[in-house]
Amino acid sequence: MIEYLPRSKHHSELYLTQFGVENCIPGHFYGPAVREHYLLHYILDGEGVFEVGGRRYHLKKGQGFLICPDIITYYQADALNPWSYCWVGFHGTLAEWLLKQAGLTQASPILHYDRDDMIYQYLESMIESKAYVKAQETRLTGLLYMLLSLLVEYGPAVPPSEKESRAEIYVEKVTDFIEMNYAQKITIEDIAHFIGLNRSYLGSLFKQQMNASIQEYLVRYRINKACEMMENAGLSIGDISRSVGYNDPLLFSKVFKKVKGISPKHYRAEVRFQLQAAEPQGQTRD
């Protein structure tokens, strides 16, 4: 049984293309062929083979295989003990990254998950989503995220790449945390606690990589965000101040001037002047 879904314009980061469950007849096969999207099969019972890149994998219950876009693959159910499986087809800008977090790549396409039947339960929930008239697409996207989160949580540990040191990973976590929380009242202690490192040690790593302290980076990030908001005439300086984590507009003005060299009021005046100068001038008739 196959459920096909149209590509969504609203979930471009991750979206389902198809999903289903099948009890294969002995020797049932597909390919050699290519797909335009990712296709993840999970074996519920029985066994079979999967071939990709010149390699042949004998797989059984509790295992699965990933088909990557535009890669030739072949798979076949066993003649004596044919497999039954469920599958999800999906794509999107986050798909490759999420799969990599789960330890699934073109070079490492085999899934191992025998903890429970949660994968199948998510597929059942997808099938049952037909009952949702207005929210089916959103519900299916959420279920796909849940399924992939399961694989990420219980998948193999993904070692850092050769180009990515442990220090670089921690620094990226700091910058990501700031990007998501700069508007809140956060401290360096909050960041260190979230990442799970000693504050002094994390600060030392960050400064080595970024040539700035975490506090300096946070302040600059907030002020740069404030500068972006200056173009919005509907926001007052106080609105902008609170939106970037400064409840005290006077403190905000002081910090802004220290970073940019001029006050927020004068900076906004310059922005408005530049925007007006960039506007096309009306043409006159002869």
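Structure first, text after, so check above.
Overview of the structure. Per chain, residues are indexed from 1 in the order of the written sequence. The model is predicted, so local features are restricted to residues of pLDDT at least 70 and side-chain atom pairs to those at 80 or more, both for listing and for counting; the totals for chains, interfaces and linings are taken over all residues. For side-chain calculations, the full set of non-hydrogen atoms in the structure is used, while hydrogens and water are omitted.

1. Thoughts on the nonpolar core
Piece 1. Counting 46 residues, the largest nonpolar core has Phe50, Trp83, Val88, Phe90, Ile119, Met126 and Leu151 as its most contacted members.
Piece 2. Strands are runs of DSSP state E lasting at least two residues, helices are runs of H or I lasting at least four, and both sets are numbered from the N terminus onward. In terms of residues, this core owes the most to one element, helix α3 (residues 136-154), which gives seven residues.
Piece 3. Only heavy atoms matter for contacts: two residues are in contact if any of them lie within 4.5 Å across the pair. Sequence-distant contacts of Met126, defined by excluding residues within four places in its chain, comprise Leu16, Phe19, Val88, Leu140, Leu143, Leu144 and Leu147.
Piece 4. Core analysis: the second largest hydrophobic core is formed by 33 residues, Tyr170, Ile214, Cys227 and Val255 among them. What makes a nonpolar core is a set of buried Ala, Val, Leu, Ile, Met, Phe, Trp, Tyr and Cys residues whose side-chain atoms join them at distances within 4.5 Å. For every residue, the accessible area obtained with a 1.4 Å probe (protein chains only) is divided by the maximum for its type, and the residue is called buried under 20%, exposed over 50%, and partly exposed between those limits.

2. A word on the sheet that holds strand β8 (residues 73-77)
Piece 1. Reading across from one edge, β3-β8-β5-β6 is the order of the four strands in this open sheet, with antiparallel pairing throughout. Each edge of the sheet is formed by a strand with only one pairing partner; in this case those strands are β3 (29-33) and β6 (55-60). The average angle at which neighbouring strand axes cross in this sheet is 15 degrees, direction not considered.
Piece 2. Strand pairing follows a simple DSSP-based rule, namely that at least 2 bridges must link the two strands. Here strand β5 (residues 47-52) pairs with β6 via six bridges, running antiparallel. Bridged to Glu47 within β6 is Lys60. Here an angle of 0 to 180 degrees is reported between the N-to-C directions of two axes, which are lines fitted to C-alpha atoms, with helices fitted over the stretch in contact.

3. Observations concerning helix α6 (residues 199-210)
Piece 1. Multiplying 1.5 Å by the helix residue count minus one yields the expected span of that helix. For α6, which comprises twelve residues, the first-to-last C-alpha distance of 16 Å matches the rise-based estimate of 16 Å (1.5 Å per residue) to within 8%.
Piece 2. Among the residues of α6, Leu202, Leu205 and Phe206 are the ones counted as buried. Angularly, the buried residues of α6 cover 95 degrees about the axis, an arc narrow enough to put them on a single face. Away from the buried face of α6 by more than 90 degrees, exposed residues Ser200 and Gln208 are located.
Piece 3. Where the residues of α6 are buried, they touch α4 (166-181), α5 (188-195) and α7 (214-229).
Piece 4. Counted as a polar contact is a pair of N or O atoms within 3.5 Å, where, for protein atoms, one must be capable of donating a hydrogen and the other of accepting one, and residues adjacent in sequence contribute only when both atoms are in side chains. One side-chain oxygen of the residue at the start of α6 lies 2.9 Å from the amide nitrogen of Ser200, identifying that residue as Asn198.
Piece 5. Two residues or fewer past α6, Asn211 is found with a positive phi of approximately 55 degrees. Working definition: the arc comes from the directions between the helix axis and the C-beta atoms, pointing outward to the latter.

Function cannot be read off these values alone, since they describe shape.
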